[in-house]
Amino acid sequence: MLELAGVSRSFGDVRALDDVSFTVRRGRLTGFVGGNGAGKTTAMRIILGVLSSDAGTVTLDGQPLDGPTRATFGYMPEERGLYPKMKVAEQLAYLARLHGVDRGAADRRARALLDRLGLGERADDKLETLSLGNQQRAQIAAALVHEPQVLILDEPFSGLDPMAVEVVQGVLTEQASRGVPVLFSSHQLDVVERLCDDLVVIAAGTIRAAGDREELRARFTEPRYVLRVDGDLGWLRDEPGVQVVELAGSEAVVEADPDGAQQVLRAAVARGPVLEFAPVRPRLAEIFREVVRDVPVEGKVAA
Amino acid sequence: MSADLREQSAVAGGAGAPGGAGVPGGGGAGGRPPAGGGSSLGRGALLVAEREVMAQVRSKAFVVSTALLLVGILAAIVVGQMLAGRTGGDVRVAVVPQVAAQLAGAEGIETVDVADEAAARAAVTSGDVTAAVLTDSGAAGVRVIVQDSAPGALMTALTVAPDVEVLNPASADEGVRYLITFGFGLVFMASALSFGSTIAQSTVTEKQTRVVELLLAAVPARALLAGKVLGNSVLALGQTAAIAAVAVIGLVVTGQDDVLALVGAPMVWFVVFFAVGFVLLAAMFAAAASLVSRMEDTGPVLTPVMYLVMIPYFLVVFFNDNEVVLRVMSYVPFSAPVGMPVRLFLGDAAWWEPLVALVVLAAAAAGVIAVAARIYERSVLRTGARVRLSQVLGRERVTS
């Protein structure tokens, strides 16, 4: 388990991270969401040791991180980049060797990984000759080539074509199932919602919410239910203990306590076939808005 | 690969898997050495150096320019021989009757009979002949009179080494002297500029393409800087050694062994000084380049370093006959790689002087590297506007 505890970092007078604590569990995909300048990249760079923190600790399974441990991390920076004039397989092998893999294994892994990502035929071409989509795949390969023990990806989906998004999703899931703690940030909340097991929401350098995605959803769930029947729902307005939020013919959203909800369901079944009855779960985008909305104005310092 | 995957997930699944230095290597194929901090720095630096060298050696531009450079050096030596009057054509030599027989039919010599010593001197002075051979009471039995330097062909022809009487001593080996000092200065400037720019370019490219962040996630900034300096120093030194070798071969082949005897030792010193001096400059180039994020912005930050590289060249070209300037140059770290070999060539440096200058240079290099590492470490990840020196040399404030 990767854990950040009380991590703070300032740039001049700007407090980019303020007492940030969260965990990235093994075998789980952890989504890291927040607006521009919220501190996602800074936090990730601190995890990687590319940037130092002013205070706080980063530990892996309780051990403070040192150079050799960090060398086993896989990283995909938000600012993508590889050597344009270097051959793809060669630079992947070079990166793997920088991470401590020996020469022969580095070369084998680079080629095997490129084959898996559908770039096998371009392995000996210079990166700059690849299409943008293929360059993105090469970038993904760069984060994976040394078979990382921890995976940190900054906006792995930004700028990807739909095919590459599929590839990245597959890779993330696969890595997590290997038992690797995976932390990825994204602006695309729908992707995060679909993919991640855990969620960390950051705004203006502070963690606003963190934990299991379903738990978070439950916490932000309002007592609302959606009801769809084969018939008209006009009668709902006269039903006691129920507040109608939305009503459109045969479909309605109502607000009620659990008992009241069951009461409504029984009433509906008594009147005819019920096609759908379910609690309304908030979408991640709604939770995000909710969590970030109450940011105090003076806290919005990180540009 | 799948074997590795299983293995690693098994490790990861274990209670409290350390995930780092403690992970059992993963067997032969996937072996990751349990590197300590120090050795990973060295290992990283070597890998970076290897990449720098390979990137250059494989580039056509580098191979072609090196070949052209070596051909140019060879050409300069041949031209130098011509300037020094060692042309391939016959040398006109005035001879008095007593020695005419001795030189008759000698290879590369065209004898011109003159009546006596006075006529011979007049012929040399007027430039009608290159040299004159007279009788002499000395051991050699003959005396050669020349305007500037004794022609090699004539020296060979006279089986006994004769006493040479130089009429115009101040300009004795002006041509050769100028060429040699010019040569040291030019080689130093050209190599330092070209490999310095290579370092700067490589630094900025890594920043511009953002690959640097990926590199820094794997190795410390110091290892990156050390590797760059090491790799390019090896290249620069290799090229300089090749130039020295071509110069030696050229001098031997064109029969200028006497010049070789003069420049041989200074040339070896030059290579030694160059090796240390270039490390100093390389660190400066890398640090300067790390301040900017785009190739277009390198001009202003590199200009001061460029001046430091060019100044020794101009000093040696304009002041190669000024002993005070040369003496100062030979001790100042930036110009010592040119100044000291020139003084050694001119023969006015004591045996211990190059050693002292070398120690001064090495100390300066160590100091500059320490400062450069600090600048590099703190600015290499800052992209966007140019980083000011005060920002990186003062209290650490790295912005994202």
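Here the structure is a predicted model, which is why all the values come from computation and not from measurement.

Caption draft 1: Just the overall build of chain B, in detail. What chain B contains, in helices and strands, is 15 helices and 5 strands. Burial statistics for chain B: of 400 residues in total, 45% are counted as buried. Counting only carbon and sulfur atoms, one obtains 65% of the accessible surface of chain B, whose full area is about 17600 Å².

Caption draft 2: Layout of the overall build of chain A. Along its length, chain A carries 10 helices and 14 strands. Dimensions of chain A, computed from the C-alpha atoms along their principal axes, are close to 75 × 50 × 30 Å. Considering only contacts within chain A whose residues lie at least 6 apart along the sequence, 68% involve residues at least 24 apart. Accessible area for chain A stands at about 12800 Å²; split by element, carbon and sulfur atoms hold 48% of it. Charge separation in chain A, taken as the distance between the mean sites of 36 positive and 45 negative side-chain charges, equals 5 Å.

Caption draft 3: Spatial organisation of the side chain of Lys228 of chain B. Residue and element names in this part refer to chain B. With respect to the helices and strands, the residue Lys228 is situated in helix α9 (residues 221–253). Among the residues examined, Lys228 registers a relative accessible area of 0% and is labelled buried. Side chain to side chain, Lys228 and Glu206 meet in a polar contact 3.0 Å long.

Caption draft 4: Seen up close, a nonpolar patch on the surface. Residues and elements named next belong to chain B. Together, Trp351, Trp352, Leu355, Val356 and Val360 make up an exposed nonpolar region whose accessible area comes to about 510 Å². With respect to the secondary-structure elements, Trp352 resides in the loop between α13 (336–346) and α14 (353–379). Here Trp352 falls in the partly exposed class, since its relative accessible area comes to 42%.

Caption draft 5: Layout of the sheet that holds strand β12 (residues 243–248) of chain A. All names here are of chain A. An order of β12-β13-β11-β14 is seen for the 4 strands of this open sheet, with the pairing classed as antiparallel. Unpaired on one side and paired on the other, β12 and β14 (274–279) mark the two borders of the sheet. Neighbouring strand axes in the sheet, compared pairwise and without regard to direction, differ in orientation by 15° on average. Bridging between strand β11 (residues 224–229) and β14 involves 5 bridges; their strand directions are antiparallel. Its bridge partner being in β14, Val226 is matched across the sheet by Ala278.

Caption draft 6: Molecular detail of the packing of aromatic side chains. All names here are of chain B. Under the criterion given, the structure shown has 14 aromatic pairs over all chains. Pairing Phe62 with Phe195 gives two aromatic rings, centres 6.0 Å apart and planes at 70°, and the pair type is edge-to-face. Here the residue Phe62 occupies a position in helix α3 (residues 60–83), and Phe195 occupies one in helix α7 (residues 174–208), the gap between them amounting to 133 residues. Classification of Phe62 by relative accessible area gives buried; the value is 15%.

Caption draft 7: Layout of the packing of helix α10 (residues 257–289) of chain B against α14 of chain B. Residues and elements named next belong to chain B. It is the contact of α10 with α14, at a shortest axis distance of 8 Å, that shows an interaxial angle of 20°. Considering the angle they form, α10 stands roughly parallel to α14. Of the two possible hands of crossing, α10 and α14 adopt the one that is left-handed. Residues belonging to the contact of α10 with α14 are distributed by class as follows: 23 nonpolar, 1 polar and no charged.

Caption draft 8: Examining the environment of Pro148 of chain A more closely. All names here are of chain A. Here Pro148 shows up in the loop between α5 (132–144) and β7 (150–153). Put simply, Pro148 and Gln63 are 85 residues apart on the chain and 17 Å apart in space, counted from C-alpha to C-alpha. Apart from the residues lying within four places of it in its own chain, the contact partners of Pro148 are Thr72, Phe73, Gly74, Ala143, Arg178 and Val180.

Caption draft 9: Spotlight on the side chain of Thr30 of chain A. Among the structural elements, Thr30 of chain A can be located in strand β3 (residues 29–33). The contacts of Thr30 of chain A, once residues within four sequence positions are left out, are Thr23, Val24, Arg25, Val182, Leu183, Phe184, Cys196, Asp198 and Val200 of chain A.

Caption draft 10: The arrangement of the pairing of strand β1 (residues 91–95) of chain B in detail. Residue and element names in this part refer to chain B. Counting buried residues in β1 gives 4 out of 5 residues, a clear majority hidden from the surface. Of the strand pairs in this sheet, β1 and strand β3 (residues 131–135) are connected by 3 bridges, and their pairing is parallel. Bridged to Ala94 within β3 is Ala132.

Caption draft 11: Summary view of helix α4 (residues 103–116) of chain A. Residues and elements named next belong to chain A. Along its 14 residues, α4 runs 20 Å from first to last C-alpha, staying within 8% of the 20 Å computed at 1.5 Å per residue. Among the residues of α4, Ala105, Ala106, Arg109, Ala110, Leu113 and Leu114 are the ones counted as buried. Burial along α4 is one-sided: seen end-on, the buried residues are contained in an arc of 160°. Immediately downstream of α4, the backbone of Gly118 shows phi near 75°, a positive value.

Caption draft 12: Fine view of the packing of α10 of chain B against α13 of chain B. Residue and element names in this part refer to chain B. Orientation of α10 relative to α13, taken along the N-to-C sense of each, is 165°, at an axis distance of 8 Å. The pairing of α10 with α13 is recorded here as roughly antiparallel in orientation. As for how α10 packs across α13, the hand of that crossing is right-handed. Across the interface between the two elements, Leu262, Val263, Pro266, Trp269, Phe270, Phe273, Phe274 and Gly277 of α10 pack against Ala336, Pro337, Met340, Pro341, Leu344 and Phe345 of α13.

Caption draft 13: A look at the sheet that holds strand β4 (residues 55–60) of chain A. All names here are of chain A. Read across the open sheet, the 4 strands follow the order β2-β1-β4-β5; overall the sheet is antiparallel. Looking along the sheet, the strands with just one partner apiece sit at the ends: β2 (14–24) and β5 (63–64). One ladder, built from 7 bridges, connects strand β1 (residues 2–11) with β2; its direction is antiparallel. Within β2, the residue paired with Phe11 across the bridge is Val14.

Caption draft 14: Layout of the pattern of salt bridges. Scanning the model with the defined rule gives 31 salt bridges over all chains in all. Residues Arg103 of chain A and Glu50 of chain B are paired through a salt bridge, measuring 3.6 Å at the closest nitrogen-oxygen approach. In this pair, Arg103 of chain A sits in helix α4 while Glu50 of chain B sits in helix α2 (residues 37–57), so the two residues belong to two different chains. With relative accessibility at 31%, the residue Glu50 of chain B sits in the partly exposed group. Here Glu353 of chain B makes a salt bridge to Arg343 of chain B, at a shortest N to O gap of 3.0 Å. Of this pair, Glu353 of chain B sits in helix α14 while Arg343 of chain B is found in helix α13, placing the two residues 10 residues apart along the sequence. Take Arg343 of chain B: its relative accessible area is 0%, and that puts it in the buried class. Taken together, the salt bridges that share partners define one network made up of Glu193, Arg213, Glu214, Arg217 and Arg283 of chain A.

Caption draft 15: A look at the nonpolar core. Of all hydrophobic cores here, the largest spans 172 residues; its most connected members are Leu2, Leu98, Ile152, Phe157, Leu172 and Phe184 of chain A. A per-element tally of this core places α10 of chain B first, with 19 residues. In terms of nonpolar packing, the next biggest core, distinct from the first, is built from 23 residues, Val96, Leu103, Val129 and Leu154 of chain B among them.

Caption draft 16: How the structure looks around the confidence of the model for chain A. Residue and element names in this part refer to chain A. On average, residues of chain A score 86 in pLDDT, and 97% of them reach the 70 mark or higher. By mean pLDDT, helix α10 (residues 284–293) is the weakest element of chain A at 78, and helix α3 (residues 88–98) is the strongest at 93. In this model residues 297–303 is a low-confidence stretch, pLDDT under 50, and it forms 8 contacts with partners more than four residues away in sequence or in other chains.

Caption draft 17: Broad picture of α13 of chain B. All names here are of chain B. Across the 11 residues of α13, 10 count as buried, placing the element largely inside the fold. Of the positions making up α13, those classed as buried are Ala336, Pro337, Val338, Gly339, Met340, Pro341, Val342, Arg343, Leu344 and Phe345. Trailing α13 by a residue or two, Gly347 shows a phi angle of about 75°, which is positive.

Quick notes on the rules
Residues numbered from 1 in each chain as written. Chains lettered and ligands numbered in written order. Predicted model: local features only at pLDDT ≥ 70, side-chain atom pairs only at ≥ 80, totals over all residues. Heavy atoms only, no water. Helix = DSSP H or I, 4+ residues; strand = E, 2+ residues; numbered from the N terminus. Buried < 20%, exposed > 50% of the residue type's maximum accessible area, 1.4 Å probe, protein only. Areas by Shrake-Rupley, 256 points an atom, 1.4 Å probe, with all protein chains shown as cover. Contact = heavy atoms within 4.5 Å. Lys, Arg positive; Asp, Glu negative; His and termini not counted. Charge placed at Lys NZ, Arg CZ, Asp CG, Glu CD. Polar contact = N/O pair within 3.5 Å; in protein donor to acceptor, adjacent residues only side chain to side chain. Patch = residues over 30% accessible without salt bridge, like charges linked within 9 Å, V, L, I, M, F, W, Y side chains within 5 Å. Salt bridge = Lys/Arg side-chain N within 4 Å of Asp/Glu carboxyl O. Pairing = 2+ DSSP bridges. Axes fitted to C-alpha atoms, helices over the stretch in contact; angles between N-to-C directions. Phe/Tyr/Trp six-rings, centres within 6.5 Å; stacked < 30°, edge-to-face > 60°. Parallel < 35°, antiparallel > 145°, perpendicular 65-115°, else oblique. Left-handed = near helix turned anticlockwise from the far one by under 90°. Nonpolar A, V, L, I, M, F, W, Y, C, P; charged D, E, K, R; others polar. Expected span 1.5 Å × (residues − 1). Arc of directions from axis to C-beta. Core = buried A, V, L, I, M, F, W, Y, C linked by side-chain atoms within 4.5 Å. pLDDT = per-residue confidence, 0-100.

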